[in-house]
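Coordinate analysis (summary)
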Amino acid sequence: MLPVLIGLFTSFAKVGLFTFGGGYAALRLIQTEVIIKSAWLTMEEFLDVVAIAEVTPGPIALNASTFIGYKLAGIPGAISGTLGVIFFPVIIMLALTYFVNKLKDNRKMKAIKTMLRAAVLGLISSAAFSMGAAALGSALSIAIFAAALGAAMFLKADPILLLLLTGLAGAVAGL
Amino acid sequence: MSEHEPKKDIRPSIEEIFLLFFKIGMFTIGGGYVMIPVMQKEITEKRSWMSKEEFTDMLGITQAAPGPIAINTATYVGYTLRRKSGAAAAVLGCTLPSLIVITVIAALFPTMMKYAAFQSAFKAIRPAVVALIAAAVLKLTRTCVSKPVHLVVAVLAFAANFLLKVSPFPIIAACAALALLLPEEVL
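First, a word on scope: everything that follows refers to the structure included in this document. Since this is a predicted model, take the numbers as computed values, not measurements.

Applying the stated rule across the entire model yields 4 cavities of 30 Å³ or more. Lining the largest cavity, in full, are Ala152(A), Ala157(A), Pro159(A), Pro37(B), Gln40(B), Lys41(B), Leu132(B), Ala135(B), Ala136(B) and Lys139(B). Listed by contribution, the elements that provide at least two residues to the lining of the largest cavity are helix H2 (35-46) and helix H5 (116-144) of chain B. With 4 residues, H5(B) is the single largest residue contributor to the lining of the largest cavity. For the lining of the largest cavity, the residue count by class is 7 nonpolar, 1 polar and 2 charged.

Encoded structure:
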């Protein structure tokens, strides 16, 4: 049991350390770790994991690590996979946050922040475009998109409420 | 609260941080980016735990670091509000919902995934997620772009990531380097 738990932790720690830019990038790394290197899952099982990770709450990388951990070693496995994937990100972010808060009034830091704000606008737009390319295929999906955008922009609708309502509508309508 | 602060402590408590991130973790459906509009609403509009500027600055830092965006964001917000215990509460809060939900699903799988309603709900949520992120981008524009040069940088970052598939880290690093090299009047 213990070697499996340690293996899960180290594999997912690697995934956490080398993932930049969100969950989908993590999936490719997870695939390498759990199928190619460790042969813990078959490709088919992995695709199931991806499907589940996408439709459940929480970051995709986190969901995948929890699910694979559970499959291999029950609840202790789910916990080691989860701890593994968040280990490096939490440490690195703590250090970064410390320095950013410390240098809050530094002039160079202010210049960097101004530039990063602009970069972030580009990066998040890019994420919206990639996700849109995958999600907006049908007339119905475009209608949902337009309605949700209008509700968020002009009615100041609560994002959580919007997600719940569209999910419920989808389940009832049986898309 | 052993610190003797002259003014009243207006920071949110550890419990409030945990509960908010638990809620956020529960509704981060369809990838970590959906957290951005949810947090924008909860942290800067409903609660004013952070100003719009602080929130935007945080987004830059969280994209520069490796790992799930949700975890990075939780660490940053938690630490900024309440140091290490705040970070621990936020990370725990945003991790627990998926740990619980996934463990239950893994135990019940594959029965649950066979429900068509489950899949249909997700199909309807995906375009809404894109809309929410698009709305977040539109709101961010006001805090991000105050000079034409910012718009140029945003478009370049977009093109590098979307068209050339450059990952966020080199883009953020290049922008930071540019900020140090360019004279301050330009920025």
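Judged by side-chain polarity, Ile75(A), Ile79(A) and Leu83(A) come together as a nonpolar surface patch covering roughly 260 Å² of accessible area. Of note, Ile75(A) is situated in helix H4 (residues 60-102).

With that settled, the discussion passes to the packing of helix H5 (residues 107-135) of chain A against helix H3 (residues 52-64) of chain B. Across the interface, H5(A) lies against H3(B) with an axial gap of 8 Å and an inter-helix angle of 70°. As summarised for this structure, H5(A) and H3(B) are arranged roughly perpendicular, according to the angle between their axes. Mapping the contact onto sequence places Lys113(A), Leu116(A), Arg117(A), Val120(A), Leu123(A) and Ile124(A) in H5(A) and Glu53(B), Thr56(B), Asp57(B), Leu59(B), Gly60(B), Ile61(B) and Gln63(B) in H3(B).

When you line up the elements, Met115(A) lands in helix H5. Note on Met115(A): relative accessible area 1%, which makes it buried.

On to the nonpolar core, then. Counting residues in hydrophobic clusters, the biggest one holds 113 residues, and the most contacted among them are Ile30(A), Ile124(A), Phe21(B) and Met39(B). Leave out the neighbours within four places in its chain, and Ile124(A) touches Tyr33(B), Ile36(B), Leu59(B), Gln63(B), Ile133(B), Val137(B) and Leu140(B).

Let us look at the packing of aromatic side chains. The geometry of an aromatic ring pair comes down to the distance between the two centres and the angle between the two planes. Residues and elements named next belong to chain A. Going through the model one piece at a time under the given rule, you end up with 7 aromatic pairs over all chains. Both rings, one in Phe9 and one in Phe87, keep their centres 5.5 Å apart while their planes meet at 65°; by these two values the pair is edge-to-face. Taken together, the residues span a long stretch of sequence, with Phe9 in helix H1 (residues 2-18) and Phe87 in helix H4 at a distance of 78 residues. We classify Phe9 as partly exposed; its relative accessible area is 28%.

With 86 residues of chain A at the contact, the number on the chain B side is 98 residues. A combined buried area of about 8500 Å² lies between chain A and chain B, and 80% of that area is made up of carbon and sulfur atoms. Considering only the side of chain A, the residues that lose the most area to chain B are Met115(A), Arg117(A) and Leu163(A), jointly responsible for 9% of the buried surface there. Counting every contact that joins chain A to chain B gives 4 salt bridges. A salt bridge links Asp158(A) to Lys46(B), with the shortest nitrogen-to-oxygen separation between them at 2.7 Å.

On to H1(A). For H1(A), built from 17 residues, the straight-helix expectation of 24 Å at 1.5 Å per residue is met to within 8% by its first-to-last C-alpha distance of 24 Å. Among all positions of H1(A), only Leu5(A), Gly7(A), Leu8(A), Ser11(A), Phe12(A), Ala13(A), Val15(A) and Gly16(A) are buried.

The next subject is unusual backbone geometry. Even without a glycine there, the phi angle at Lys156(A) is positive, about 50°. Tracing the backbone through its elements, the reader meets Lys156(A) in the loop between helix H6 (139-154) and helix H7 (159-173). Backbone geometry places Arg83(B), a non-glycine residue, at a positive phi of 55°. Relative to the helices and strands, Arg83(B) resides in helix H4 (residues 69-108).

With that settled, the discussion passes to the environment of Gly167(A). Assignment of secondary structure puts Gly167(A) in helix H7. Gly167(A) sits in the buried class, given a relative accessible area of 7%. Through-space distance from the C-alpha of Gly167(A) to that of Thr10(A) is 36 Å; in sequence the pair is 157 residues apart. Apart from the residues lying within four places of it in its own chain, the contact partners of Gly167(A) are Ala121(B) and Ile125(B).

Rules used throughout
Residues numbered from 1 in each chain as written. Chains lettered and ligands numbered in written order. Predicted model: local features only at pLDDT ≥ 70, side-chain atom pairs only at ≥ 80, totals over all residues. Heavy atoms only, no water. 1 Å grid on protein atoms, 1.4 Å probe; cavity = no way out; pocket = protein on both sides within 12 Å on 5 of 7 lines; lining within 4 Å. Points joined across faces, edges and corners; volume = space filled by probe spheres on them. Helix = DSSP H or I, 4+ residues; strand = E, 2+ residues; numbered from the N terminus. Nonpolar A, V, L, I, M, F, W, Y, C, P; charged D, E, K, R; others polar. Patch = residues over 30% accessible without salt bridge, like charges linked within 9 Å, V, L, I, M, F, W, Y side chains within 5 Å. Areas by Shrake-Rupley, 256 points an atom, 1.4 Å probe, with all protein chains shown as cover. Salt bridge = Lys/Arg side-chain N within 4 Å of Asp/Glu carboxyl O. Axes fitted to C-alpha atoms, helices over the stretch in contact; angles between N-to-C directions. Parallel < 35°, antiparallel > 145°, perpendicular 65-115°, else oblique. Contact = heavy atoms within 4.5 Å. Buried < 20%, exposed > 50% of the residue type's maximum accessible area, 1.4 Å probe, protein only. Core = buried A, V, L, I, M, F, W, Y, C linked by side-chain atoms within 4.5 Å. Phe/Tyr/Trp six-rings, centres within 6.5 Å; stacked < 30°, edge-to-face > 60°. Buried area = accessible area lost by both parts, 1.4 Å probe. Expected span 1.5 Å × (residues − 1).

Keep in mind these numbers describe shape, not what the thing actually does.
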